[in-house]
Amino acid sequence: MLAAGAIEATFRAERARVLATTIRVVNGDFDLAEEIVQDAFAAALARWPAEGTPDEPRAWLISVARNKAIDTIRRRVKLREIVAAEDATEGTATSELVAVPDDRLRLMYTCCHPALAPEAQVALTLRTLGGLTTDEIARAYLATPATMAQRLVRAKAKIRDARIPYVVPEASELAERTEQVMAVAYLIFNEGYAATAGDSWLRRDLCREAIRLARLLVELADPASLAEARGLLALMLLHDSRRDARTDGDGDLVLLEDQDRARWDHAQIAEALALVPDALRGGPGPYALQAAIAALHAQAKAAADTDWPQITALFHELYRRTPTAVIALNRAAAIAMWRGPAFALPLVDELKGELADYPLWHAARADLLRRLGKQRESLAAYRAALARTTNEPERRFLERRITALTAS
Amino acid sequence: MQYMLIIYDEEKVWDDMPEAERNQLFGEYMEFTADIKKSGHFVAGDALQPIRTATTLRIRDGKTTNTDGPFAETREQLGGFYIVEAKDLDEARKIAARIPSARIGSIEIRPVMNFSA
C-alpha cells in the first residue's frame, strides 16, 4: 500500500516535466495542460496504491496525460463539429514523448518570452516550472491572489492569442533569450533573498525554486550560455549558504563581517566553489564574476582574512562590463576594506549624483564616516539612509547604529 | 496567422532628416517590401499621409463631431502598416525587426482577429 505522501513526492518531482511535455502535446494551451496534468495526478492517486508505483512514473504520467489530451481535443473538435481535425499528436507514441529532449527547456523560454511583462514572466515561471500555487506566488510578491491570478490569466491568454511559440529559440536569438531566463531566475532568487517583509518560509521557497531553475539551466543550457549558467548557480548557492547566519534570533540583519561562519552551509559552499573555475573560463560574464566575489568571501576563514585586493579587482572587471553606480559603490566598499575609509570616501562621494535616493549609498557613506570618527556627519548620513529605506530589517539595523552613535 | 505590424514614427525626425538619409530609408522600405512579397509573408501594407491630414470622427447621442487631427496626441504617430502572414509571434518579430522605422520609431505587433476559427 502506497502512502499518498509518496505519490505526492513523486508528482512534485515530475510535475514540471510532465506539464512541459503536455503543453507541447496540446499545442501550447497552458490552461488545458495544467488541467490534464492535475487529472493525471488524480489518476495516479486512485491507481498506484492498488497497482503499485509503475517502473517509470514519469512515463506513466506523461502517457496518461497524453491520452487525456487527445480525448479532450477530440471532444472539443466534435463539439465544434469540425470534420477534419488537425491532430499531429495522435501518431506520436508515448515512448517517443519520453525520449525527446527535456521539454522543460521550451517551457522555460516560453515563460520568459520577451513579449511578456517581466512580472508576468516571473509569475508564470513560478507557477508552471516551480509548481507554486497562485496564492503562494501572490503572498511572496505581496499581491492579492486576485491580482496574481489575473496576471497569470493575461500571460497565458497572450501566449495563446499572439501565438508565442512553444519552442527553444533559434540559434540567432538563443544567447539573448537564455540571458532573459537567467535574469528571471535571478529576480526570483533576489525576491526570496532580500529580507523585505512577507512570509519568510515562502521566501526560502523562492530561493529554492530559483536554485532549481539555475540547476536546470546548467543541465540543459546551450554550450555558449553554460559558463554563465554555472556562474548563476554558484552565485545563488553561495548567497543562500549564508541564510542561517545573516539574521539573528530576533530576525535582525547581521552584516557579513559579523556573521558566525560556522553557521554557513559548508556543503553548499563546496558545491558552489567547484562550479566557479568553469564559470570563469573564457571571458567571464557578470554572474560568474559575482560568484567569484562571493566565493572569496566564502573561502575566508574569518572576516579579517578576506582577500579584498582580489575582490576589488573582480569589481573592476564587473564595472567594466556593466558600468552602473551600484557596482561602483560596491567596489568602493571593497576598496574601503582594503585601503581604509579615508581612501574610499571620495569614491563614494563621487556617486552622489546618481545614488542620492539610494538608501545603501547613504548607509555606506555613514559607515565610512563612522570609521573615520566623524560622528556628527555619520549620524546625518545614517538618518538620510533611514529616511529612504522601506526594508524592515534594514530599518532596524540603521536605528541601532543611530542609537549607538548618539550614546557615544 | 496574420499579424499587423503598426509603424509609429516621429514625423519630425523624418522632416528634419537630411534628404540623402531620407532617400536611403525610402530605399530600404522598398527593398523590405519587395523581400516580404517574394518570401510570401506580405498580405498588405501602406504608408499613411502625414498627421496634418488626419480627421477624427465621433458620434455621441446621434450627434457627429469631426475634429482636425489624430485621436491621440502622442510623440510618435501612426505612419503606416503591414499585414504579414507568419507562423508565430517569433517569426512576426523577426519580420518587424527588418522594418526601417524599427530603428527610429517603433513597431507594434498585433495578431489579427480570426473569426473563422
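Residues numbered from 1 in each chain as written. Chains lettered and ligands numbered in written order. Predicted model: local features only at pLDDT ≥ 70, side-chain atom pairs only at ≥ 80, totals over all residues. Heavy atoms only, no water.

Chemist: Explain the overall build of chain B to me, please; I cannot follow it from the model alone.
Modeler: Looking only at helices and strands, chain B features three helices and six strands. Counted from the first residue to the last, chain B has its helices and strands arranged as β-α-α-β-β-β-β-α-β. Each principal axis of the C-alpha atoms in chain B carries an extent, and together these give about 50 × 45 × 20 Å. Out of the 117 residues in chain B, the part that is buried amounts to 31%. When contacts within chain B are restricted to residue pairs at least 6 apart in sequence, those whose partners lie at least 24 apart make up 73%. Of the roughly 7800 Å² of accessible surface on chain B, 54% is carried by carbon and sulfur atoms. When the 15 positive and 20 negative side-chain charges of chain B are each reduced to one mean point, those points stand 3 Å apart. (Helix = DSSP H or I, 4+ residues; strand = E, 2+ residues; numbered from the N terminus. Buried < 20%, exposed > 50% of the residue type's maximum accessible area, 1.4 Å probe, protein only. Contact = heavy atoms within 4.5 Å. Areas by Shrake-Rupley, 256 points an atom, 1.4 Å probe, with all protein chains shown as cover. Lys, Arg positive; Asp, Glu negative; His and termini not counted. Charge placed at Lys NZ, Arg CZ, Asp CG, Glu CD.)

Chemist: Looking at this structure, how should I read helix α8 (residues 145-161) of chain A?
Modeler: An α-helical segment advances 3.6 residues per turn. Residues three or four places apart therefore align on the same side. All names here are of chain A. Relative to the 24 Å expected for 17 residues at 1.5 Å per residue, α8 spans 24 Å between its end C-alpha atoms, a close match to the ideal helical length. Of the residues making up α8, those classed as buried are M148, L152, A155, K156 and I159. Along the long axis of α8, the arc covered by the buried residues comes to 90 degrees, so they all point the same way. For α8, the exposed residues lying more than 90 degrees away from the buried face are A146, V153 and R154. The inward-facing, buried residues of α8 contact α2 (30-51), α5 (104-111), α6 (118-128) and α7 (134-140). R163 sits one or two positions beyond α8 and adopts a positive phi of about 55 degrees. (Expected span 1.5 Å × (residues − 1). Arc of directions from axis to C-beta.)

Chemist: Sorry, what's going on with the environment of D260(A) here?
Modeler: Residue and element names in this part refer to chain A. Along the chain, D260 falls in the loop between α11 (223-240) and α12 (266-280). Judged by relative accessible area, D260 falls into the partly exposed class, the value being 41%. Polar contacts involving the side chain of D260 include one to the main-chain amide nitrogen of A262, which spans 3.0 Å. (Polar contact = N/O pair within 3.5 Å; in protein donor to acceptor, adjacent residues only side chain to side chain.)

Chemist: I keep staring at the packing of α11(A) against α12(A) and nothing clicks. Help me out?
Modeler: A packed helix pair is summarised by two numbers, namely the angle formed by the two axes and the spacing between the axes. All names here are of chain A. The interhelical angle for the contact between α11 and α12, taken along N-to-C directions, is 155 degrees, at an axis separation of 8 Å. With respect to their mutual orientation, α11 and α12 come out roughly antiparallel. In this structure, α11 meets α12 at a crossing whose hand is left-handed. Facing A227, R230, G231, L233, A234, L237, L238 and D240 of α11, the residues of α12 in contact are Q268, I269, E271, A272, L275, V276, D278 and A279. Of the residues in the contact of α11 with α12, the class split is ten nonpolar, two polar and four charged. (Axes fitted to C-alpha atoms, helices over the stretch in contact; angles between N-to-C directions. Parallel < 35°, antiparallel > 145°, perpendicular 65-115°, else oblique. Left-handed = near helix turned anticlockwise from the far one by under 90°. Nonpolar A, V, L, I, M, F, W, Y, C, P; charged D, E, K, R; others polar.)

Chemist: Help me understand the interface of chain B and chain A in this model?
Modeler: Reports often express the size of an interface as the amount of accessible area lost when the parts come together. Taken together, the contact between chain B and chain A spans nine residues of the former and eleven residues of the latter. Of the roughly 830 Å² buried at the junction of chain B and chain A (both faces included), carbon and sulfur atoms supply 51%. In terms of surface lost to chain A, no three residues of chain B exceed L89(B), D90(B) and R93(B), which account for 49% of the buried area on that side. For the pair chain B and chain A, the number of links is three salt bridges. Its salt-bridge partner being E170(A), residue K94(B) comes within 2.8 Å of it at the nearest N-O pair. If you look at where chain B meets chain A, you find six residue pairs in polar contact (both at pLDDT 80 or more). The greatest single-element share of the side of chain B that touches chain A, amounting to four residues, is contributed by helix α3 (residues 89-96) of chain B. When the residues that make up the side of chain B that touches chain A are grouped by side-chain class, the tally is four nonpolar, no polar and five charged. (Buried area = accessible area lost by both parts, 1.4 Å probe. Salt bridge = Lys/Arg side-chain N within 4 Å of Asp/Glu carboxyl O.)

Chemist: It is not clear to me how the sheet that holds strand β2 (residues 42-47) of chain B should be interpreted in this structure. Could you clarify?
Modeler: Sheet strands associate in pairs through backbone hydrogen bonding, adopting either a parallel or an antiparallel arrangement. Residues and elements named next belong to chain B. With antiparallel pairing, the four strands of this open sheet are ordered in space as β2-β5-β1-β6. Every other strand in the sheet has two partners, leaving β2 and β6 (106-111) as the edge strands with one partner each. Going from strand to strand, the sheet's axes swing by 20 degrees on average, the running direction of each strand aside. Relative to strand β5 (residues 77-85), strand β1 (residues 2-9) runs antiparallel, the two sharing eight bridges. By the bridge assignment for β5, L5 is matched with Y82. (Pairing = 2+ DSSP bridges.)

Chemist: Looking at this model, I keep getting lost on helix α15 (residues 325-339) of chain A. Mind explaining?
Modeler: Residues and elements named next belong to chain A. Look at α15: 20 Å from first C-alpha to last across 15 residues, which is about the 21 Å you get at 1.5 Å a residue. Among all positions of α15, only A325, I327, A328, L329, R331, A332, A334, I335 and A336 are buried. On its buried face, α15 is in contact with α14 (308-321), α16 (341-349), α17 (352-355) and α18 (359-371). Looking one or two residues beyond α15, the residue adopting positive phi is G340, at roughly 100 degrees.

Chemist: Sorry if this is basic, but what is going on with the domain arrangement of chain A here?
Modeler: Residue and element names in this part refer to chain A. Here chain A is partitioned into domain 1 (1-91), domain 2 (97-194 + 206-220) and domain 3 (307-408). Every contact between the two is made by 17 residues of domain 1 and, on the other side, 19 residues of domain 2. Note that R24 is salt-bridged to D103, the shortest N-O span being 3.0 Å. At the surface where domain 1 touches domain 2, the tally comes to seven residue pairs in polar contact (both at pLDDT 80 or more). For the side of domain 1 that touches domain 2, the secondary structure elements donating two or more residues are α1 (4-25), α2 and α3 (57-79). Among the elements that line the side of domain 1 that touches domain 2, the one with the most residues is α1, at ten residues. Classifying every residue of the side of domain 1 that touches domain 2 gives eight nonpolar, two polar and seven charged. (Domains from an automatic or database assignment.)

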